[in-house]
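Overview (structure and organization)
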Amino acid sequence: MPELPEVETVRLTLRPAVGATIGGVWTSGQPLRLNRPIPTAALRRALVGRRITELRRFGKYLLVDTDGPRSLLVHLGMTGRLRIHRAADERALHTHVVLRFEDGRELRYSDPRRFGQVDLARRGAERDHPSLAVLGLDPLTERLDGAYLHDRARGKSASLKAFLMDQGIVAGVGNIYASEALWRAKLRPTARLPRLTRERADALARGIRDALRHALAKGGTSLRDFVDADGVAGENADYLLVYGREGAPCRRCRTLIRRSVIQGRATFFCPRCQVL
DNA sequence: ATCACGACCTGGAGGC
DNA sequence: TGCCTCCAGGTCGTGA
């Protein structure tokens, strides 16, 4: 579900949690991604009594820093939500982690499909965490340009779309924004990396940055599940340029948008103006 | 090493 | 109404 703009939207709307002191930790006992148990005891040891100091994002991962040495690491998977509630509010089905604050609020993580991840990372050494160590460049906080993409494409033969969705190359781009970025760059999702010239890589870098920034400005894309930390849906679904528009006219050339499947994921493109 | 596929899991939508 | 199939913002293990 959530790609970089959605995770960043959650981070921004979660800011009222900064300053809160964690009084208790509850977990559902159900495992998340890869059948991995939530490390309840370790979460309690690391977080109870600590004050939340900062919220950071690396690609699609969110870090909740505390005044202790450990940060809470969260990945939302496809259906994960992180929301602030009053403690008295009824708990949603599929709630898996609750941080009780001493001021009567709670930070709750829910995730029906349990594709997400909840763990601890060492503050200051968070990039040593195996999930963060493998991430490529974050287009919002680091300089993403054509030189970088062109260099990382060397020796590879995958499709442009698979390349974009590889978190080790660009951290934060997922299925929606891969299609959006390629449409903006006028590049065919099925095109192979050897044809990514430096000039095309420049266009692609620009397409990625623009797709993500515009989506973030609309509070992210809510196709079905996504809401921010206050439960508010994003508005970017109304502004998508190509994703989900199969059979509708291309916004540039009016040719009908086509849908195909690349690596098992729905992919949308204009067969006329995405020439490469 | 790289690449593409299937599996993981639940729920909503649409067809019959 | 109910039951079926298909689909979904992600990632990882597998086998070619």
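Keep in mind it's a predicted model, so treat the numbers as computed, not measured.

Re the domain arrangement of chain A
- For chain A, the domain assignment lists domain 1 (4-133) and domain 2 (146-269).
- Between the C-alpha centres of domain 1 and domain 2 there is a distance of 28 Å.
- Counting residues at the interface gives 17 residues for domain 1 and 20 residues for domain 2.
- Across the domain 1 to domain 2 interface the summed buried area is about 1500 Å²; carbon plus sulfur atoms make up 62%.
- Our count for the domain 1 to domain 2 interface comes out at zero salt bridges.
- Remark: the boundary between domain 1 and domain 2 carries six residue pairs in polar contact (both at pLDDT 80 or more).

Quick word on the nonpolar core
- Membership of the largest hydrophobic core comes to 42 residues, with the highest contact counts inside it found for Leu149, Leu196, Leu204 and Ile208.
- Counting residues per element, this core draws most heavily on helix α7 (residues 198-217), at seven residues.
- Other than its neighbours up to four places away in sequence, Ile208 contacts Pro139, Leu144, Leu149, Leu164, Val170, Val173 and Ala181.
- Core analysis: the next-biggest nonpolar cluster, separate from the first, contains 30 residues, Val25, Leu72, Leu99 and Phe226 among them.

With respect to the side chain of His75
- When you line up the elements, His75 lands in strand β4 (residues 70-75).
- Engagement of the side chain of His75 in a polar contact is seen with the backbone nitrogen of Gly77, the distance being 2.8 Å.
- The contact partners of His75, leaving out residues within four places of it in the chain, are Arg33, Lys60, Tyr61, Tyr109, Gly116 and Gln117.

Things to note about the pattern of salt bridges
- Going through the model one piece at a time under the given rule, you end up with 10 salt bridges.
- The salt bridge partner of Glu126 is Arg56, with a shortest N-O separation of 2.9 Å. One end of the pair, Glu126, is in the loop between β8 (117-122) and α3 (130-133); the other, Arg56, is in strand β2 (residues 52-58), and 70 residues separate them in sequence.
- Judged by relative accessible area, Glu126 falls into the buried class, the value being 9%.
- A salt bridge links Glu106 to Arg108; its shortest N-O distance comes to 2.9 Å.
- Its relative accessible area of 5% is what places Glu106 among the buried residues.
- Relative accessible area serves as the criterion here: at 4%, Arg108 is assigned to the buried category.
- Because the salt bridges share partners, they merge into one network encompassing Glu8, Arg11, Arg57 and Asp138.

A few points about the packing of aromatic side chains
- In total, this model carries one aromatic pair according to the counting rule given.
- Ring centres of Tyr243 and Phe268 lie 5.0 Å apart, and the angle between their planes is 65 degrees; this geometry places the pair in the edge-to-face category. Note that Tyr243 is positioned in the loop between α7 and β9 (258-262) and Phe268 in strand β10 (residues 265-269), a separation of 25 residues in sequence. Across this residue pair, the class does not change: Tyr243 and Phe268 are buried.
- The ring of Trp26 has Arg91 lying over it, and the distance from NZ or CZ to the ring centre is 4.4 Å.

Let's talk about the sheet that holds strand β1 (residues 22-27)
- Taking strand neighbours across the sheet as the criterion, the four strands line up as β1-β6-β7-β5 in an open arrangement whose pairing is antiparallel. The sheet is open, and its two borders are formed by β1 and β5 (81-86), each paired with just one other strand. In this sheet, neighbouring strand axes are inclined to one another by 20 degrees on average, regardless of whether the strands run parallel or antiparallel.
- Pairing of β5 with strand β7 (residues 105-110) involves six bridges; the strand directions are antiparallel.

Comments concerning the sheet that holds β2
- Pairing is antiparallel in the open sheet, where four strands are placed in the order β2-β3-β4-β8. Bordering the open sheet on either side are β2 and β8, each of which pairs with just one other strand. Here the strands of the sheet are splayed against their neighbours by 25 degrees on average, with no regard to which way each runs.
- Strand direction decides the pairing type here: β2 and strand β3 (residues 61-66), joined by six bridges, are antiparallel.

Calculation notes
Residue numbers here run from 1 along each chain, matching the order of that chain's written sequence. Whichever chain is written first is A, and whichever ligand is written first is 1; the rest continue in order. Local features are withheld for residues below a pLDDT of 70 in this predicted model, meaning they are given only at 70 or higher, and side-chain atom pairs are given and counted only at 80 or more; totals for whole chains, interfaces and linings count all residues. Side-chain metrics rest on all non-hydrogen atoms present in the structure, leaving aside hydrogens and water. The domain boundaries here were taken from an automatic or database domain assignment. We call two residues in contact when some of their heavy atoms are within 4.5 Å. Two parts placed together each lose some accessible area; with a 1.4 Å probe, that loss summed over both constitutes the buried area. When a carboxyl oxygen of Asp or Glu is within 4 Å of a side-chain nitrogen of Lys or Arg, the pair counts as a salt bridge. Pairing of N or O atoms within 3.5 Å defines a polar contact, subject to two protein rules: one partner must be a possible hydrogen donor and the other a possible acceptor, and residues neighboring in sequence count only if both atoms are side-chain atoms. The criterion is simple. A nonpolar core is a set of buried Ala, Val, Leu, Ile, Met, Phe, Trp, Tyr and Cys residues joined through side-chain atoms within 4.5 Å. Only protein chains enter the calculation, and the probe is 1.4 Å; a residue is then buried if its accessible area is under 20% of its type maximum, exposed if over 50%, and partly exposed in between. Runs of H or I in DSSP of at least four residues are treated as helices and runs of E of at least two as strands, each being numbered from the N terminus. Two rings belonging to Phe, Tyr or Trp (six-membered ring only in the last case) form a pair when the distance between their centres is within 6.5 Å. Interplanar angles under 30 degrees mark stacking, angles over 60 mark edge-to-face geometry, and anything in between is tilted. Whether a charge sits over a ring comes down to the Lys NZ or Arg CZ being within 6 Å of the ring centre and within 35 degrees of the ring normal. In this description, strands pair whenever DSSP reports at least two bridges between them. Helix axes are fitted to C-alpha atoms over the stretch in contact, other axes to C-alpha atoms as well, and angles between N-to-C directions run from 0 to 180 degrees.

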